Amino acid sequence: MTRTVRQATLPDVDALVRLRAEMFAAMGVPETGGEWRAHARRWFADRIDDADYRLVVVEVDGEVVSCAVGAIRDAAPSPSVPEGRDVLISNVCTAPAHRGHGHGQAAFDAVMAWARRTGVGRAELMATELGRGMYVSAGFREERCPAMRAALSGPGSRGEGSDGRSARVATSMG
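I will try to describe carefully the structure that is included in this document. Residue indices follow the written sequence of each chain, beginning from 1 at its first position. The model is predicted, so local features are restricted to residues of pLDDT at least 70 and side-chain atom pairs to those at 80 or more, both for listing and for counting; the totals for chains, interfaces and linings are taken over all residues. Excluding hydrogens and water, the side-chain figures rest on all heavy atoms present in the structure.

### Some points on the overall build of the chain
- Each helix is a run of DSSP H or I of at least 4 residues and each strand a run of E of at least 2, with the numbering of both proceeding from the N terminus. Along the backbone of the chain there are four helices and five strands.
- Listing the helices and strands of the chain from first to last along the sequence gives β-α-α-β-β-β-α-β-α.
- Accessibility here uses a 1.4 Å probe with only protein chains present; expressed as a share of the type maximum, an area under 20% marks a residue as buried, one over 50% as exposed, and anything in between as partly exposed. Per-residue burial over the chain gives 33% buried out of 174 residues.
- Any pair of residues with heavy atoms lying within 4.5 Å of one another is described as a contacting pair. Contacts in the chain between residues at least 24 apart in sequence constitute 62% of all its contacts with a sequence separation of at least 6.
- Areas reported here follow the Shrake-Rupley algorithm with a probe of radius 1.4 Å; residue values treat only the protein chains shown as occluding. Of the accessible surface of the chain, which amounts to about 11,500 Å², a share of 52% is contributed by carbon and sulfur atoms.

### Some remarks on the nonpolar core
- The set of buried Ala, Val, Leu, Ile, Met, Phe, Trp, Tyr and Cys residues whose side-chain atoms join them within 4.5 Å is what this entry labels a nonpolar core. Ranked by size, the top nonpolar core spans 21 residues in total, and within it Val87, Ile89, Val92, Phe108, Leu125, Tyr135 and Phe140 carry the most contacts.
- Elements that contribute at least two residues to this core include exactly strand 2 (53-60), strand 3 (63-74), strand 4 (85-94), helix 3 (103-117) and helix 4 (129-137).
- Counting residues per element, this core draws most heavily on helix 3, at seven residues.
- Apart from residues lying up to four places away in sequence, Phe140 is in contact with Ile89, Phe108, Met112, Ala123, Glu124, Leu125 and Tyr135.

### What to know about the pairing of strand 3
- With nine of twelve residues buried, strand 3 lies mostly within the body of the structure.
- Two strands qualify as a pair provided DSSP detects at least 2 bridges between them. Looking at chain direction, strand 2 and strand 3 are connected through eight bridges and run antiparallel. When the sheet's bridge partners are listed, Tyr53 is paired in strand 3 with Ala71.
- Connecting strand 2 to the next strand, strand 3, in antiparallel fashion are two residues, including Asp61 with a positive phi near 50°.
- Pairing analysis gives eight bridges linking strand 3 to strand 4, with the strands arranged antiparallel. Within strand 4, the position partnered with Cys67 by the bridge is Cys93.

### Details of unusual backbone geometry
- Although it is not a glycine, Asp61 sits at a positive phi angle of roughly 50°.
- One non-glycine residue, Asn91, lies in the positive phi region at around 55°.
- If you trace the backbone, Asn91 turns up in strand 4.
- Looking at Asn91, the relative accessible area reads 3%, which means it is buried.

### With respect to the packing of aromatic side chains
- For Phe, Tyr and Trp, rings pair up if their centres lie within 6.5 Å, where Trp contributes its six-membered ring, and each pair is then called stacked (planes under 30 degrees apart), edge-to-face (over 60) or tilted (otherwise). Going through the model one piece at a time under the given rule, you end up with six aromatic pairs.
- Ring geometry for Phe108 against Tyr135: centres 5.1 Å apart, planes inclined by 65°, an arrangement best described as edge-to-face. Taken together, the positions of Phe108 in helix 3 and Tyr135 in helix 4 put the pair 27 residues apart, joining distant regions of the chain.
- A relative accessible area of 0% places Phe108 in the buried class.
- The class of Tyr135 is buried, set by a relative accessible area of 7%.
- Site record: aromatic cluster; members linked through ring pairs are Trp43, Phe44 and Tyr53.
- Should the NZ of a Lys or the CZ of an Arg lie within 6 Å of a ring centre and within 35 degrees of the ring normal, that charge is described as sitting over the ring. Taking NZ or CZ as reference, Arg47 lies 5.3 Å from the ring centre of Tyr53, over its face.

And the structure:
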């Protein structure tokens, strides 16, 4: 077995999307349509050469079997991040047939090495139960305030009526 850990290139985009789909399947996220895949292909392709992103793939005998992504985020400074930037680690995934051989760890380690070289002071990620041990070993810990999310558009989002049209919001000051 020959393993190569490297920065992704344009020919790897389809593998990155395939592994991202596998990650969602492992998380139990239902795939309700394939439209997201076209957006993901474009997203990965647009960031392959961007210095604020590190897309890493692991090849085994010439086949991409694992990946990880790092992204520098620009945010307002805070007490925990005085410079206001952090690194988001995401898309850490290994194809099912290749799990348990350290490929995901190798991809994650490569992204973390890049993250440390950026000079940014903090990294963040969302962990699955399967990956939690690897992340804890790398120094990640759970925070008191877990992530919360809300849809900003589409059915069920606040500000949109049941008929899909924007709802008017009345306010009074008094």
